[in-house]
Amino acid sequence: MSVYLSLVGWRRAVEAVLTLGSRLSDVQWVAPTECPGWTVKDVYAHLIGGETWMARGHPEPEEGFEAWASAPVLARRDVPGGALLEELRQVYELRRVQLASPDLDPARPAWLPNGREHTLAVLLQTRAMDVWVHEQDIRRAVGMPGNLDSPGAAVAGDLFVRALPRIVARSARVPPGSAVRLTTTGEVQVDVAVTVDADGRGVLVAPERPVVAHLTLGWEAYTRLGCGRGSPVDYEIDVTGDRAVAERVLAALPVTP
């Protein structure tokens, strides 16, 4: 996926979060979300923390991911929702200016929030997914659905699909020579298969090939499972073939911490 598409996904998701925030009531600001222990206001504080970290040059998160994610939330627990909205708006404008720099190099090394070193391109894609995922957390918490087919959704979908070979081969322990197919319905349609080669590595292949298990589920269910929201029993999932294999794949779908 290109950096341009990641930036579009990020920008649209942040702008959607800002628009949502302008419509929230006092009750909605403190509504619980699917992020354990976090209210809607806490999710905004977390997003501010992520964008502020980016604005500061995304230094290595030496205290670990949990501290990186939760410290901005704890620091803003007593800040009103309106003030958080304004802070997010300000850091967003700063980030827009930084990202317009001609010196932006997608290939340069960059730290990810989980402490791994990758490239700036991957970091920007990760940020787009994170903001879109939390946009959906906010929407579900306040009953304002939308943007399941947005550019941010496309970025998240790309990351989820890229994780499937590892999920099938390593986490679900599908034996070599076997393949698993995953199909989504709804706003974004995914239809991919992963085969496990003789060395035990997962490889994306054409979905028409014979498979040991085929999983079909809605797009929103797939993204929610990919983010660890709920469990497979919470969603309508059609399984054909080896159910035990399918259950192992479904259990391993979460890719976010």
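Everything here concerns the structure above.
Numbering of residues starts from 1 in every chain and runs along the sequence as written. Owing to the predicted nature of the model, reporting of local features is limited to residues with pLDDT of at least 70; listing and counting of side-chain atom pairs is limited to 80 or more, with chain, interface and lining totals taken over all residues. Excluded from the side-chain calculation are hydrogens and water; included are all heavy atoms of the structure.

Observations regarding the sheet that holds strand β6 (residues 213-218)
Next, step 1: Spatial strand order, β5-β4-β3-β6-β7: five strands in an open sheet with mixed pairing. Every interior strand has two partners, whereas the edge strands, β5 (202-205) and β7 (237-241), have only one. Averaged over neighbouring strand pairs, the angle between their axes works out to 20 degrees when direction is ignored.
Next, step 2: Strand pairing requires that DSSP identify at least two bridges connecting the strands. To qualify as a helix, a DSSP run of H or I must reach at least 4 residues; to qualify as a strand, a run of E must reach at least 2; elements of each kind are numbered from the N terminus. Alignment of strand β3 (residues 179-185) against strand β4 (residues 191-196), held across five bridges, turns out to be antiparallel. The residue bridging threonine 183 from the neighbouring strand is aspartate 191, located in β4.
Next, step 3: Contacts: residue pairs with any heavy atoms within 4.5 Å of one another. Each axis is a line fitted through C-alpha atoms, and for a helix only the stretch in contact is used; angles between axes span 0 to 180 degrees, taken between their N-to-C directions. Here helix α9 (residues 243-251) sits on the sheet in contact with β3, β6 and β7, set at roughly 50 degrees to β6.

What to know about the nonpolar core
Next, step 1: Only buried residues count toward a nonpolar core. Its members are Ala, Val, Leu, Ile, Met, Phe, Trp, Tyr and Cys residues joined through side-chain atoms within 4.5 Å. Exposure is judged per residue with a 1.4 Å probe applied to protein chains only, and the accessible area is read against the type maximum: over 50% gives exposed, under 20% gives buried, and values in between give partly exposed. Grouped together as the largest cluster of nonpolar side chains are 80 residues, with contacts concentrated most on Val40, Tyr44, Leu88, Leu164, Tyr222, Val249 and Leu253.
Next, step 2: Those residues in contact with valine 249, other than ones at most four positions away along the chain, are Ile167, Val168, Ala172, Val180 and Leu215.

Some thoughts on the pairing of β4
Next, step 1: Judged by how many residues are buried, β4 sits mostly within the fold: five of six residues are covered.
Next, step 2: Between β3 and β4, which pair antiparallel one after the other, the connecting turn spans five residues, and glycine 186 there sits at a positive phi close to 105 degrees.
Next, step 3: The sheet contact formed by β4 and β5 spans four bridges and is antiparallel. Looking across to β5, one finds that valine 194 is bridged to leucine 204.

Concerning the packing of helix α1 (residues 3-21) against helix α7 (residues 151-171)
Next, step 1: Look at α1 against α7: their axes get within 7 Å of each other, and the N-to-C directions meet at 125 degrees. As summarised for this structure, α1 and α7 are arranged oblique, according to the angle between their axes. The chirality of how α1 crosses α7 is left-handed. Taking contact as the criterion, the partners of Leu5, Ser6, Val8, Gly9 and Arg12 in α1 are, on α7, Pro151, Gly152 and Val155.
Next, step 2: In terms of residue class, the contact of α1 with α7 is made up of four nonpolar, three polar and one charged. Orientation categories follow fixed angle ranges, with anything under 35 degrees roughly parallel, anything over 145 roughly antiparallel, 65 to 115 roughly perpendicular, and all other angles oblique. Take the far helix as your reference; a near helix turned counterclockwise from it by less than a right angle gives a left-handed crossing, and one turned clockwise gives a right-handed crossing. For this classification, Asp, Glu, Lys and Arg are treated as charged, while Ala, Val, Leu, Ile, Met, Phe, Trp, Tyr, Cys and Pro are nonpolar and the rest, including Gly, are polar.

Topic: helix α8 (residues 219-226)
Next, step 1: The buried count for α8 comes to seven of eight residues, which makes it a mostly enclosed element.
Next, step 2: Those residues of α8 not exposed but buried are Trp219, Ala221, Tyr222, Thr223, Arg224, Leu225 and Gly226.
Next, step 3: Next to the buried residues of α8 lie α6 (120-142), α7, β3, β6, β7 and α9.
Next, step 4: Following α8 by one or two positions, glycine 228 adopts a phi angle in the positive range, close to 75 degrees.

Regarding helix α4 (residues 65-75)
Next, step 1: Where α4 is concerned, the buried positions are Trp68, Ala69, Pro72 and Val73. All buried residues of α4 lie within an arc of 120 degrees about the axis, which places them on one face of the element. Exposed and facing more than 90 degrees away from the buried side of α4 are Glu66, Leu74 and Ala75.
Next, step 2: On its buried side, α4 packs onto α3 (40-55) and α6. Within this analysis, the arc is defined by the directions that extend from the helix axis to the C-beta atoms.

Some details on unusual backbone geometry
Next, step 1: Notably, asparagine 147 is not glycine yet its phi reads approximately 60 degrees, a positive angle.
Next, step 2: The residue asparagine 147 is located in the loop between α6 and α7 in this model.
Next, step 3: Positive phi, close to 55 degrees, is recorded for arginine 173, a residue that is not glycine.
Next, step 4: On the secondary structure map, arginine 173 appears in the loop between α7 and β3.
Next, step 5: For arginine 173, a relative accessible area of 55% translates into the label exposed.

Topic: the side chain of arginine 76
Next, step 1: By secondary structure assignment, the location of arginine 76 is in the loop between α4 and α5 (81-99).
Next, step 2: You can call arginine 76 buried: its relative accessible area is 16%.
Next, step 3: Residues contacting arginine 76, with those up to four places away along its chain left out, are Lys41, Ala45, Ile48, Leu84 and Glu87.

Limitation: the analysis is restricted to geometry and does not speak to function.
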